[in-house]
Amino acid sequence: MSKTTPIPPSDYRTAAAAGIASPRLQKSLQGIQNRFGKGAMEFWAKMDDQELRHRVKESRMNTLAHLDIVLAELAKNIRARGGQVYFAATAQDAIDYTLAVAKKNNVKRVVKGKSMTSAEIAIDPALEEAGIEVVETDLGEYIIQLAGDKPSHIIAPCIHLDRAQIGQLFTDKLGIDYSDDPPTLTMAARKALREKMLGAEMGLTGCNLACAETGHISLVSNEGNIRMATTMPDVHVALMGMERVVATFDEHRETLQLLTRGAALQKLSTYVSFQGGPAALTDPDGPREFHLVIIDNGRSKILADPEFREVLACIRCGACLNICPVYGKIGGHAYDSPYCGPIGAVVTPLLDGINKHADLCKGETLCGACRDVCPVENDLPRMLAALRHKLAYGSDRWNTSQHNPAEAYAFALWKLLVSHPVLYRTSLWFGKLFQWPFVRKNKMIGSLAGLATGWTKDRDLPPLAGQTFAQLWKKKYAARRPNESRAQSKEAS
Amino acid sequence: MDSQQTFLTTIRKSLGLPPTEERSKTTFPGLFRQTNKAEILARIRQRTPQELDKLVGILLSNAKDLNISASVVASRDEAAAAIVHLVKTKNLEFTPTKHVVHHDHPDLNALQLWKCLEGEGVTIHTTFGPDRQLREKTIASFIGITAPAIGVAESATIIQLTKPGQPRSTSLVPSIHIAVLDRKNLVADLAEAYALLKEMALPDSFVCISGPSKTADIEATMVHGAHGPRELHLLVLSPPTNEIAIDTGIPGTEEPVAFQEEYLQCKK
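Just so we're clear, the structure is a prediction, and the values are computed from it rather than from any experiment.

A.B. asks: Looking at this model, I keep getting lost on the overall build of chain A. Mind explaining?
C.D. replies: Along the backbone of chain A there are 23 helices and 10 strands. Each of the three principal axes of chain A carries a C-alpha extent, and together these read 100 × 55 × 50 Å. Taking as baseline every contact in chain A between residues at least 6 positions apart, the subset at least 24 positions apart corresponds to 72%. Accessible surface, chain A: about 21,800 Å² in total, of which carbon and sulfur atoms supply 57%. Of the side chains in chain A, 60 bear a positive and 53 a negative charge, and the two mean positions are spaced by 10 Å.

A.B. asks: Can you walk me through a nonpolar patch on the surface in this structure?
C.D. replies: Residue and element names in this part refer to chain A. A surface patch of nonpolar side chains, about 420 Å² in accessible area, is lined by Phe411, Trp414, Val418 and Tyr424. When residues in the nonpolar patch are grouped by element, the largest group, 3 residues, is from helix α19 (residues 405-418). Looking at the element boundaries, Trp414 is found in helix α19.

A.B. asks: Looking at this structure, how should I read the sheet that holds strand β12 (residues 231-237) of chain B?
C.D. replies: Neighbouring strands of a sheet are bound in pairs by backbone hydrogen bonds; such pairs are parallel or else antiparallel. Residues and elements named next belong to chain B. Within the open sheet, the 6 strands sit side by side as β1-β12-β7-β4-β2-β3. Their pairing is parallel. Only two strands of the sheet have a single neighbouring strand rather than two, namely β1 (69-73) and β3 (122-126). Between one strand axis and the next, the sheet turns through 20° on average, direction left out of account. Note: β1 against β12, 5 bridges, orientation parallel. Paired with Ala70 across the strands is Leu234, a residue of β12. Lying on the sheet, helix α3 (residues 49-65) is in contact with β1, β7 (176-182) and β12; it crosses β1 at an angle near 155°.

A.B. asks: Before we go on, may I ask you to explain the side chain of Thr260 of chain A in this structure?
C.D. replies: All names here are of chain A. Considering the arrangement of structural elements, one finds Thr260 in helix α12 (residues 249-264). Within the structure, the side chain of Thr260 is placed 3.1 Å from the backbone oxygen of Lys267, a separation counted as a polar contact. Sequence-distant contacts of Thr260, defined by excluding residues within four places in its chain, comprise Leu265, Gln266, Lys267, Leu268 and Ser269.

A.B. asks: I tried to follow the pattern of salt bridges on my own but got confused; where do I start?
C.D. replies: All names here are of chain A. In this structure the tally under the stated criterion is 39 salt bridges over all chains. Linking Arg109 and Glu133 is a salt bridge whose minimum nitrogen-to-oxygen distance equals 2.8 Å. With a gap of 24 residues between them, Arg109 in strand β2 (residues 109-112) and Glu133 in strand β3 (residues 133-136) connect regions that are remote in the sequence. For Arg316, the salt bridge identified is with Glu243, shortest N-O distance 3.8 Å. Taken together, the residues Arg316 in the loop between α13 (299-304) and α14 (327-330) and Glu243 in the loop between β7 (235-241) and β8 (245-246) connect sequence positions 73 residues apart. Using a relative accessible area of 11% as the deciding quantity, one classes Arg316 as buried. Owing to a relative accessible area of 2%, Glu243 belongs among the buried residues under this scheme.

A.B. asks: Can you help me understand the environment of Ala18 of chain A in this one?
C.D. replies: All names here are of chain A. Relative to the helices and strands, Ala18 resides in helix α1 (residues 11-20). Given a relative accessible area of 48%, Ala18 falls into the partly exposed group. Separated by 395 residues in sequence, Ala18 and Leu413 have C-alpha atoms that sit 36 Å apart.

A.B. asks: What should I look at first to understand the confidence of the model for chain A in this one?
C.D. replies: Detailed reading of the predicted model is not advised wherever pLDDT is low. For chain A, the average pLDDT comes to 92, and 96% of its residues sit at 70 or higher. This stretch, residues 1-9 of chain A, has a pLDDT under 50; its non-local contacts, to residues over four places away or in other chains, come to 16 contacts.

A.B. asks: How should the pairing of β3 of chain B be read in this particular structure?
C.D. replies: Within a regular beta strand, the side chains point alternately toward one face of the sheet and then the other, so they alternate between its two faces. Residue and element names in this part refer to chain B. Here β3 lies mainly inside the structure; 4 of its 5 residues are buried. Bridge count between strand β2 (residues 98-102) and β3: 5 bridges; the pairing is parallel. Residue pairing for β3: Lys98 is matched across the bridge by Val122.

A.B. asks: Just to check I follow, could you spell out the sheet that holds strand β10 (residues 289-295) of chain A for this structure?
C.D. replies: Residues and elements named next belong to chain A. Spatially, β1-β10-β7-β4-β2-β3 is the arrangement adopted by the 6 strands of the open sheet, whose pairing is parallel. Strand pairing shows two members of the sheet lacking a second neighbour, β1 (84-88) and β3, which therefore form its edges. Mean inter-strand twist for the sheet, computed between neighbouring axes without regard to direction, equals 20°. Note: β1 against β10, 5 bridges, orientation parallel. Its bridge partner lying in β10, Tyr86 is registered against Val293.

A.B. asks: Help me understand the environment of Trp398 of chain A, please; the structure alone is not making it clear to me.
C.D. replies: Residues and elements named next belong to chain A. For Trp398, the position within the fold is in the loop between α18 (380-393) and α19. Note: C-alpha distance between Trp398 and Gly353 (45 residues apart in sequence) is 7.9 Å. In contact with Trp398, other than residues within four places in its own chain, are Lys301, Ile302, Asp305, Phe308, Leu350, Ile354 and Lys390.

A.B. asks: Explain unusual backbone geometry here, please?
C.D. replies: Leaving glycine out, the prevailing phi sign among residues is negative, and the prevailing peptide bond configuration is trans. Residues other than glycine seldom take positive phi values, yet Glu377 of chain A does so here, at roughly 55°. Along the chain, Glu377 of chain A falls in the loop between α17 (369-373) and α18.

A.B. asks: What is the right way to read the interface of chain A and chain B from this model?
C.D. replies: Size of an interface, as often reported, equals the accessible area lost when the parts are brought together. The interface is formed by 95 residues belonging to chain A together with 73 residues belonging to chain B. Between chain A and chain B, a total of about 7,100 Å² is buried, with carbon and sulfur atoms accounting for 57% of that surface. Counting the contacts that link chain A with chain B gives 9 salt bridges. The partner of Arg24 of chain A in a salt bridge is Glu219 of chain B, and the shortest N-O contact between them spans 3.3 Å. When residues in the side of chain A that touches chain B are grouped by element, the largest group, 11 residues, is from helix α10 (residues 182-198) of chain A. With 5 bridges connecting them, strand β9 (residues 271-275) of chain A and strand β9 (residues 205-209) of chain B associate as antiparallel partners. By the bridge assignment, Tyr271 of chain A is partnered in β9 of chain B with Ile209 of chain B.

Rules behind the numbers
- Residues numbered from 1 in each chain as written.
- Chains lettered and ligands numbered in written order.
- Predicted model: local features only at pLDDT ≥ 70, side-chain atom pairs only at ≥ 80, totals over all residues.
- Heavy atoms only, no water.
- Helix = DSSP H or I, 4+ residues; strand = E, 2+ residues; numbered from the N terminus.
- Contact = heavy atoms within 4.5 Å.
- Areas by Shrake-Rupley, 256 points an atom, 1.4 Å probe, with all protein chains shown as cover.
- Lys, Arg positive; Asp, Glu negative; His and termini not counted.
- Charge placed at Lys NZ, Arg CZ, Asp CG, Glu CD.
- Patch = residues over 30% accessible without salt bridge, like charges linked within 9 Å, V, L, I, M, F, W, Y side chains within 5 Å.
- Salt bridge = Lys/Arg side-chain N within 4 Å of Asp/Glu carboxyl O.
- Pairing = 2+ DSSP bridges.
- Axes fitted to C-alpha atoms, helices over the stretch in contact; angles between N-to-C directions.
- Polar contact = N/O pair within 3.5 Å; in protein donor to acceptor, adjacent residues only side chain to side chain.
- Buried < 20%, exposed > 50% of the residue type's maximum accessible area, 1.4 Å probe, protein only.
- pLDDT = per-residue confidence, 0-100.
- Buried area = accessible area lost by both parts, 1.4 Å probe.

Below, the structure written as structure tokens:
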């Protein structure tokens, strides 16, 4: 394998530059990071139960190691409650199944609860193609949908838009009088979406945490849109990444508490709703059909690799976004994925191709903040470095080709030079000779040619010195070095 | 089931196990290990009224942080008075006339709201199981009243179990949610609540509610009433504890008493 491919043109850089240039985004991100990122770090530090994070991580890893058993138990218990469970190996399987359920129930409108998994499998276009209206109901996601935009934060999807932009959007799309007052805008969306939610045949949600022992999925929300989408329509379809499950009810509690703390420092989200099956015949409301779609879509490949299995322990709280210095500057759009920030930089390449998303792991700084804040202590920097390793050397397992062969050759050459002093000195001698055309009046190298252009684009390099450190040392200080016998006798005395 | 078998085979392969050999949970007793709940349950059941009052104090203080209007009512009459006051004074949002819907729950039925709101132009609905028009009635209601099965002091959470006569939409679709929580159903924290839940056969659907619906999606400005109720009023039904008068120190807890007269008059 390991064939070489040219570096693809990068949208990452363009989007990152746009993010950095947006004062609105910078202010919003700073606000959210100061509040939630720092807040989570402080909370973990003074939390009474200092073993909690470690315990939950252990239970997450234990569940992953027995995932076949845990998922079978979940499916069994949900079926016992009258729910239907479908195992989707690929995104297309999940889409096909959901479409079939929609067709069978003559669905004209689907109301969605915020779900990154639904974005990952790109189910919206498939539903729309089938002539079904798709409405996002989370306020942030709804705004994004109206704007034809993409979310830029896991829990605050429209953080990159300001109130004036949203006000104008609502005037254009909802026909309300212009206002930039958040309560007024929220009330307008509340009214518009209430109609949509009361008149939809299907609710489509993700799944924050399923509990195998009791046979439930659980969903968290502050707005109540997820409860609406799972209560008022006749059919509820929940899409669940296969790792989003805990074995026992006890584990559910501990994991849930880390999720809501990590996400927004809440003891609990406003609503934590548990669904295990359709409404009973005696219930006057609730869905008549409940479908759980458990999705692999590349996760089993991650599970199989001990280097990356840990990332499946992630509970998608978004804490790493709230602390990452890189995300905090470039914003979510640069990641070009439903999963942004440090977690996105690890999971997006693994799900969608390491070469395709090569910029993500290289863009992060490996500073370690995401590891420190992660409620389940995931070592994201380690995995980012592992991804870089795959890009540097190629990987058959991940079908990854060497990302930048020129760089590899350069390092191979460097290895040769530093391990052969004569060659090294000779090349230094040549370097000194040939650098002069590049040295400017200020005695600095201002621009280099070819592959080295990038090094001098934003900074000057000092030229190779006339004498090496070793030469200077010999000349100036070697004579002053105390001779060995004297130094030894001094120590002895 | 085919899709399941293929799927789980892939997982076993990923875990480096013989792909076709199904594993059983009985081989891994630790995986679904249960912690002993007897101690927690005993603690909950043996709580004295004084201890419960302390929990009420914690609940009220946490409720305040979450914008829940929580107060203590000493009797059913006081609870009814507080509700009548809310029904009379709160504004309508989606509908032109005042409808109120409440769960078919003994604590709520006992309030006889229909009686004390007679002549006020208010229609009271009860969520009786077989009522096919209940969906429409709930959508028409501006206030929904429930009696949660469990209250959690630590996080100011109420837990609603879905069961016949106690549907999901009552605490969700109306603009205002009023919950009448019996003090004896109050527990200290989520661990206690989970122990209680585990002990009851868990229903197919239940929900933990910790506040009115909220969003901060527009410039991180907090707004209440995104999709669910914009207000949550929590009435803790808590008969006076004679031995020790507990001062919760929370202002506003005596409020309902002030409506007592208004209510008693309407009852006559």
